[in-house]
Structure formats: C-alpha cells, structure tokens
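# Summary of the model geometry
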Amino acid sequence: MTYKTIGVVGGGTMGQGIAEMLAARGLDVRLVEKSPEILEHALNMITVSLDKQINRWALTEAEKKLILSRIHKADALEDLAGCDMVIETISEDMNAKKHIFFQLTQICPPPTILASNTSALSLTEIAAVTTSPERIIGMHFLHPVAKIHLVEVVRGMKTSDATFEATRRFVDDIIQKKSIKVYESPGYITSRLICTLINEALHTLSEGVASAEDIDTAMRIGYGFRFGPLEMCDRFGLDSVQAALEEMFREFGDIKYRPSHLLKQMVRAGHLGVKTGEGFFRYDEDGDRL
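These figures come from a predicted structure and were not determined experimentally. (Residues numbered from 1 in each chain as written. Predicted model: local features only at pLDDT ≥ 70, side-chain atom pairs only at ≥ 80, totals over all residues. Heavy atoms only, no water.)

### Topic: the environment of Lys 177
Summarising the element assignment, Lys 177 is placed in the loop between α6 (161-174) and β8 (178-183). On the basis of relative accessibility, which here comes to 4%, the residue Lys 177 falls in the buried class. Along the chain, Lys 177 and Gly 273 lie 96 residues apart, while their C-alpha atoms are 27 Å from each other. Here the side chain of Lys 177 touches Val 145 through a polar contact of 2.7 Å, landing on its backbone oxygen. (Helix = DSSP H or I, 4+ residues; strand = E, 2+ residues; numbered from the N terminus. Buried < 20%, exposed > 50% of the residue type's maximum accessible area, 1.4 Å probe, protein only. Polar contact = N/O pair within 3.5 Å; in protein donor to acceptor, adjacent residues only side chain to side chain.)

Next up, the structure:
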C-alpha cells in the first residue's frame, strides 16, 4: 500500500508531535481539532517546536517551511475521507474515542487503516462500536515523538492480520521507527511499566522521603533516564497518567495501579503539568522547565 496522506485527529501534545514527525518524513498531514482556535494553537506549537530545532542547528529555515507546507488544516472528520491512514490522538476518554471511530468507519472507505494512539484503553471495546473492527489498531507513540524511535502496534481482538502487517510496515519502513507487537492488555507494555514507576515516585514524594527534584535526579543520574518520573508525569499530563492508572486498576484490580492520592489532588487543583504550566515543576509556554 502507498501512503501519501495521513489524517491526525487531535492537536494536543501527542497530535502535534505525530503531525510534525509525519510531515518531516515527507507525508502530507490533515490535522483536525474540535475548534478552529485549538487547531490554530496546535499549528503554532508545531512552529515553536521547529524554531527550537533551528536554534539548535538541527533544522534549516527551508526545511521548516517544507514541513509546515505539508500540514493542512481539516475543518471536520469528513475532510479525512481521502487519507490512507488516520491516527486518533485525543484525550483518554473512551466514549469520545468510540464516537470518533464510529464516524471514521462511516467516512473512510476500506482499506484505510484507523489507528488510535491510546496508551491504555481497549482497542477491542473501541472497535466494537464500528462497522469494520478488523481495521482498528493501536499505534502508541511515546513522547517526544520525534526523539523516541519506538511504536507499540497493538492488536485488538478483531484486528485483522492484513491491518497489523500493513501498520507494522508503515512504522518500520515509512516513518522508520521500531515497531513492537503487543496483544491488547491494559496499559500495553510501556504505559503499564512507566505509570507504575510514576505512581511509586508519587508515593515516595507524599511520604516525605525526598523532594521532587531529588527523586527525579536519582532516576536521571542513577539510571540514565532522560526525565525523572515526576517530570515524565508533567510531560504526559497528570490527568492522562491518572486516567491510565485508573483504567489499569479497574481491569487488574491490583492495588499497585491505584492512583496516588497526591496525583488526584494535583489534578483536582488543575496542576496538569506542561499543558497548564505547572505540575510537580513549572514550565514556560514552550514547555521548557523554569
């Protein structure tokens, strides 16, 4: 199958990263959001990301213009009808995802692959509301998308072999990342392991064992992490981490997945991390630590 145009539903942190990465790989991207204002903000943030790369001498002005020229605004899901693949990247809300995939299976003809970037939710449940569950699959990218060369390709119960093989070829050959095959299970591999680590770091912080800075320093320097677990939580979004933990707690019933009370307090207070400028640490509007 030839891939020329990819639809991206959702212009949050992950949607921005995926759209930028796809355009940098030479693919045309149609990006859709729920309002023109949010879509414009997403494009502005992609521009900020590209400008940072120029400042680091990692990108030229001409390359930036070329990447931006490949990212097109889509006014509605109907504008994705001609895409070769659609990747959904909205927040971890099962009902919202079901609604989008139900519509996408009506809008996008076979053999368009419909993929979700969900980090923990059931692809089988999402696919169950559609008319073609065999073409629903998980493509879980990790943040930051451009720098993490791994994608979890997640099979739901009714995902077809053809959909899986085509998706894996897309990951390995077209966007040149490493794919790993995952059978659906709450949290898959990466979210299941990293959210457990983050939750334990939250318990360690709430018990007063060490400061947030020292907990993160211990893992960054001691184990070579790029970010410590608390800054990871900020960058993932505290609400997203809580949602993933709650989903795993419901599914497994194991107390180790029960979200820390501190995490719940932070979410209630609106301190969601980079997206709000404040979580366990503070951030500027470009997402850099203050």
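### Observations regarding unusual backbone geometry
Between Pro 110 and the following residue, Pro 111, the backbone shows a cis peptide bond with an omega angle of 10°. Mapped onto the fold, Pro 111 is located in the loop between α4 (94-107) and β5 (113-116). We note that Trp 57 has phi near 65°; this positive angle belongs to a residue other than glycine. Locating Trp 57 in the fold gives a position in the loop between α2 (36-55) and α3 (61-69). Trp 57 sits in the exposed class, given a relative accessible area of 81%.

### Description of the UniProt feature "domain: 3-hydroxyacyl-CoA dehydrogenase C-terminal" (unreviewed entry) in the protein
Using the residue numbers shown here, the UniProt feature "domain: 3-hydroxyacyl-CoA dehydrogenase C-terminal" (unreviewed entry) corresponds to residues 187-283. Secondary structure within residues 187-283 divides into 62% helix and 0% strand; the distance between the first and last C-alpha atoms comes to 27 Å. (UniProt positions renumbered as here; feature names shortened; annotations may be inferred.)

### Re the pattern of salt bridges
Under the definition given, this model contains 14 salt bridges. Note that Asp 288 and Lys 52 form a salt bridge whose closest N and O atoms lie 3.3 Å from each other. Of the two residues, Asp 288 is situated in the segment after α11 (261-268) and Lys 52 in helix α2; the sequence distance between them amounts to 236 residues. Asp 288 gets classed as partly exposed once you look at its relative accessible area, which sits at 35%. One salt bridge connects Glu 278 with Arg 282, and the closest N-O pair in it is separated by 3.3 Å. Connected through shared salt-bridge partners, Glu 213, Glu 231, Arg 235 and Arg 289 make up one network. (Salt bridge = Lys/Arg side-chain N within 4 Å of Asp/Glu carboxyl O.)

### Let's talk about the side chain of Glu 88
On the secondary structure map, Glu 88 appears in strand β4 (residues 85-88). Look at Glu 88 and you get buried, because its relative accessible area is 0%. A distance of 2.5 Å separates a polar atom in the side chain of Glu 88 from a polar atom in the side chain of Ser 116. For Glu 88, the residues in contact, after removing those within four places along its chain, are Val 9, Lys 97, Ile 100, Phe 101, Ala 115, Ser 116 and Asn 117. (Contact = heavy atoms within 4.5 Å.)

### Thoughts on α2
An α-helical turn contains 3.6 residues, so any two residues separated by three or four positions project in the same direction. The end-to-end C-alpha distance of α2, which contains 20 residues, comes to 29 Å, matching closely the 28 Å that a straight helix rising 1.5 Å per residue would cover. Those residues of α2 lying buried are Leu 39, Ala 42, Leu 43, Met 45, Ile 46, Leu 50, Gln 53 and Ile 54. Where α2 is buried, its residues meet α1 (13-24), β2 (28-32), α3 and β3 (71-74). Following α2 by one or two positions, Trp 57 adopts a phi angle in the positive range, close to 65°. (Expected span 1.5 Å × (residues − 1).)

### Topic: the environment of Val 151
Tracing the sequence through the fold places Val 151 in strand β7 (residues 150-155). Sequence-wise, Val 151 and Asp 172 are 21 residues apart; in three dimensions their C-alpha atoms are separated by 9.2 Å. Setting aside its immediate chain neighbours within four residues, Val 151 contacts Met 139, His 140, Phe 141, Val 171, Lys 177, Lys 178, Ser 179 and Ile 180.

### As for the nonpolar core
Counting 36 residues, the largest nonpolar core has Leu 22, Ile 87, Met 139, Phe 141 and Phe 170 as its most contacted members. Apart from residues lying up to four places away in sequence, Leu 22 is in contact with Ile 6, Val 8, Leu 27, Val 29, Ile 87, Phe 170 and Ile 175. Grouped together as the second largest cluster of nonpolar side chains are 25 residues, Ile 194, Ala 201, Leu 205 and Met 266 included. (Core = buried A, V, L, I, M, F, W, Y, C linked by side-chain atoms within 4.5 Å.)

### Details of the state of the cysteines
Scanning the entire structure with this criterion turns up zero disulfides. Here Cys 83 is not cross-linked by a disulfide; its sulfur's nearest cysteine counterpart is in Cys 108, at 6.5 Å. By relative accessible area, Cys 83 is classed as buried at 3%. Unpaired in terms of disulfides, Cys 233 finds its nearest cysteine sulfur in Cys 195, a separation of 8.0 Å. (Disulfide = S-S within 2.5 Å.)

### Describing the pairing of β7
Burial within β7 is extensive, with five of its six residues counted as buried. When strand β6 (residues 136-141) meets β7, the two strands line up antiparallel, connected through four bridges. Its bridge partner being in β7, His 140 is matched across the sheet by Glu 152. Both β7 and β8 contribute to a ladder of six bridges, which runs parallel. When the sheet's bridge partners are listed, Glu 152 is paired in β8 with Ile 180. (Pairing = 2+ DSSP bridges.)

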